[in-house]
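# Overview (structure and organization)
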Amino acid sequence: MKRIKHKFGNDVIIFEGATIHDTCQIGPFSIIYPEVILEENVIVGSSCIIGKKPTTGLNQLELVGLKETTRIRKNSLICDQVIVYAGCDIGEDCYLADRAFLRENVVLKNKVVIGTSVTVSFSAFIGSGSKIMTGTNIGGKMIIGENCFIGAHVCSVNDNNPRLNSSRSEHQGAIIEDNVVIGSNVTILPHLHIKKGITVAAGAVVSKNLSEENQLYIGIPAKIKK
Ligand SMILES: CC(C)(COP(=O)(O)OP(=O)(O)OC[C@H]1O[C@@H](n2cnc3c(N)ncnc32)[C@H](O)[C@@H]1OP(=O)(O)O)[C@@H](O)C(=O)NCCC(=O)NCCS
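Thresholds applied
- Residues numbered from 1 in each chain as written.
- Predicted model: local features only at pLDDT ≥ 70, side-chain atom pairs only at ≥ 80, totals over all residues.
- Heavy atoms only, no water.
- Helix = DSSP H or I, 4+ residues; strand = E, 2+ residues; numbered from the N terminus.
- Contact = heavy atoms within 4.5 Å.
- Areas by Shrake-Rupley, 256 points an atom, 1.4 Å probe, with all protein chains shown as cover.
- Lys, Arg positive; Asp, Glu negative; His and termini not counted.
- Charge placed at Lys NZ, Arg CZ, Asp CG, Glu CD.
- Salt bridge = Lys/Arg side-chain N within 4 Å of Asp/Glu carboxyl O.
- Buried < 20%, exposed > 50% of the residue type's maximum accessible area, 1.4 Å probe, protein only.
- Domains from an automatic or database assignment.
- Near = heavy atom within 4 Å.
- Polar contact = N/O pair within 3.5 Å; in protein donor to acceptor, adjacent residues only side chain to side chain.
- Phe/Tyr/Trp six-rings, centres within 6.5 Å; stacked < 30°, edge-to-face > 60°.
- Lys NZ or Arg CZ within 6 Å of the ring centre and 35° of its normal.
- Core = buried A, V, L, I, M, F, W, Y, C linked by side-chain atoms within 4.5 Å.
- Pairing = 2+ DSSP bridges.

## A few points about the overall build of the chain
In terms of regular secondary structure, the chain is built from 0 helices and 30 strands. Intrachain contacts of the chain at a sequence separation of at least 6 include 24% that bridge at least 24 residues. For the chain, the exposed surface amounts to about 11100 Å²; the carbon and sulfur share of it is 49%. Between the centroid of the 24 positive side chains of the chain and the centroid of its 21 negative side chains there is a distance of 5 Å.

## Observations regarding the pattern of salt bridges
Scanning all chains against the criterion turns up 5 salt bridges. The closest approach of N and O atoms between Glu-16 and Lys-2, which form a salt bridge, is 3.9 Å. With Glu-16 in the loop between strand S1 (13–14) and strand S2 (19–20) and Lys-2 in the segment before S1, this pair connects stretches of sequence that are 14 residues apart. By relative accessible area, which is 55% here, Lys-2 ends up exposed. For Glu-104, the salt bridge is made with Arg-103, and the minimal N-O distance between the two is 2.8 Å. There is no split in this pair, since Glu-104 and Arg-103 are both buried.

## A look at the domain arrangement of the chain
For the chain, the assigned domains are domain 1 (1–53 + 68–117) and domain 2 (141–161 + 169–226). Placing a centre on the C-alpha atoms of domain 1 and another on those of domain 2 gives a separation of 29 Å.

## Considerations on the site of the ligand
Around the ligand sit Met-133, Phe-149, Gly-151, Ala-152, Gly-183, Ser-184, Ala-201, Ala-202, Leu-216, Ile-218 and Lys-225, and that is every residue in its neighbourhood. Between the ligand and Ser-184 there is a distance of 2.7 Å, counted from an oxygen atom to a backbone nitrogen or oxygen. In this structure, Ala-202 approaches the ligand through a main-chain N or O atom, which is 2.8 Å from a nitrogen atom. In the complex, 37% of the free accessible area of the ligand, which totals 910 Å², lies under the protein chains.

## Describing the side chain of Ser-76
For Ser-76, the location among the structural elements is in the loop between strand S8 (70–72) and strand S9 (77–78). A polar side-chain atom of Ser-76 sits 2.7 Å from the main-chain carbonyl oxygen of Gly-91. Within the structure, the side chain of Ser-76 is placed 2.8 Å from the backbone nitrogen of Cys-94, a separation counted as a polar contact. If near-sequence neighbours (up to four positions away) are discounted, Ser-76 is found in contact with Asn-41, Val-42, Ile-43, Ile-90, Gly-91, Glu-92, Asp-93 and Cys-94.

## A closer look at the packing of aromatic side chains
One pass over the full model with this rule turns up 2 aromatic pairs. Seen from their ring centres, Tyr-85 and Phe-101 are 5.7 Å apart, and the 85° between their planes marks the pair as edge-to-face. Remark: Phe-101 occurs in strand S13 (residues 101–102) and Tyr-85 occurs in strand S10 (residues 83–85); sequence separation between them is 16 residues. According to the relative accessible area criterion, Tyr-85 is buried, its value standing at 9%. Just above the ring of Tyr-85 sits the side chain of Arg-103; from NZ or CZ to the centre is 4.2 Å.

## Let's talk about the nonpolar core
Leu-96, Leu-108, Ile-114, Ile-176, Ile-182 and Ile-188 are the most contacted members of the largest nonpolar core, which has 53 residues in total. Residue contributions to this core reach at least three from each of two domains, namely domain 1 (1–53 + 68–117) and domain 2 (141–161 + 169–226). Sequence-distant contacts of Leu-96, that is, excluding residues within four places in its chain, are made with Leu-77, Ile-78, Cys-79, Val-82, Val-84, Ile-90, Leu-102, Leu-108 and Ile-114.

## Considering the sheet that holds strand S6 (residues 43–44)
Taking strand neighbours across the sheet as the criterion, the 11 strands line up as S3-S6-S9-S12-S15-S18-S21-S24-S27-S29-S30 in an open arrangement whose pairing is mixed. Only two strands of the sheet have a single partner each, and these edge strands are strand S3 (25–26) and strand S30 (223–224). Bridging between S9 and strand S12 (residues 95–96) involves 2 bridges; their strand directions are parallel. Bridging across to S12, Leu-77 finds its partner in Tyr-95.

See below:
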């Protein structure tokens, strides 16, 4: 890969094939890979890696097909030490805090907030206005609706039997509808559906579909609080 000349200082590496709008800012020690598009007023902090292709190795699960471009839409702010893998599409006015980590093909719609040290796994989708708090793990292929609030250190997973080494195509994180609140330290098992407006209390384990809209679910397993 060939590096291109740019105005962001010697510590920044930008590879040929990246498209960066004149109004963007990029901090020191960041690397921008080919096929990355940074739109107007995007700010990338220091020590970020944008558009990296996942590394394959022995015992690695097969990768999903990568989308061609990695796009960060206008006015989004990417803080420091953030890693955005190839194929991600980050909407307008998004905020990615320090050490946020997005695996390949993640889609964030507009005004999404990703907190410090959050991991969003491959091909997850997060709807506009949703906020994901510190240290949370969003499982692969999870779908989160609009205006959801996912508390700190939530763990959502996409494979019930990891020792079976099943294909990634069979993995599916939960589907969460609009306006859902997930309390801190909740665990959400794979393939489940959480209906709109539901609140899940801190520390609960979601092991079955939560089907009654706008209700409060508490405990292990999560059930409606009478
Ligand atoms: C579930 C929740 C919304 C209930 O709040 P509330 O309506 O003010 O409820 P209260 O504190 O009055 O508690 C009502 C009862 O539920 C119990 N309770 C409250 N939260 C609970 C929880 N997370 N798990 C189990 N029981 C809980 C209380 O002990 C109390 O029990 P009791 O009736 O036997 O005395 C709140 O406790 C909660 O978990 N919020 C999530 C906060 C969070 O994680 N925010 C994310 C920030 S990053």
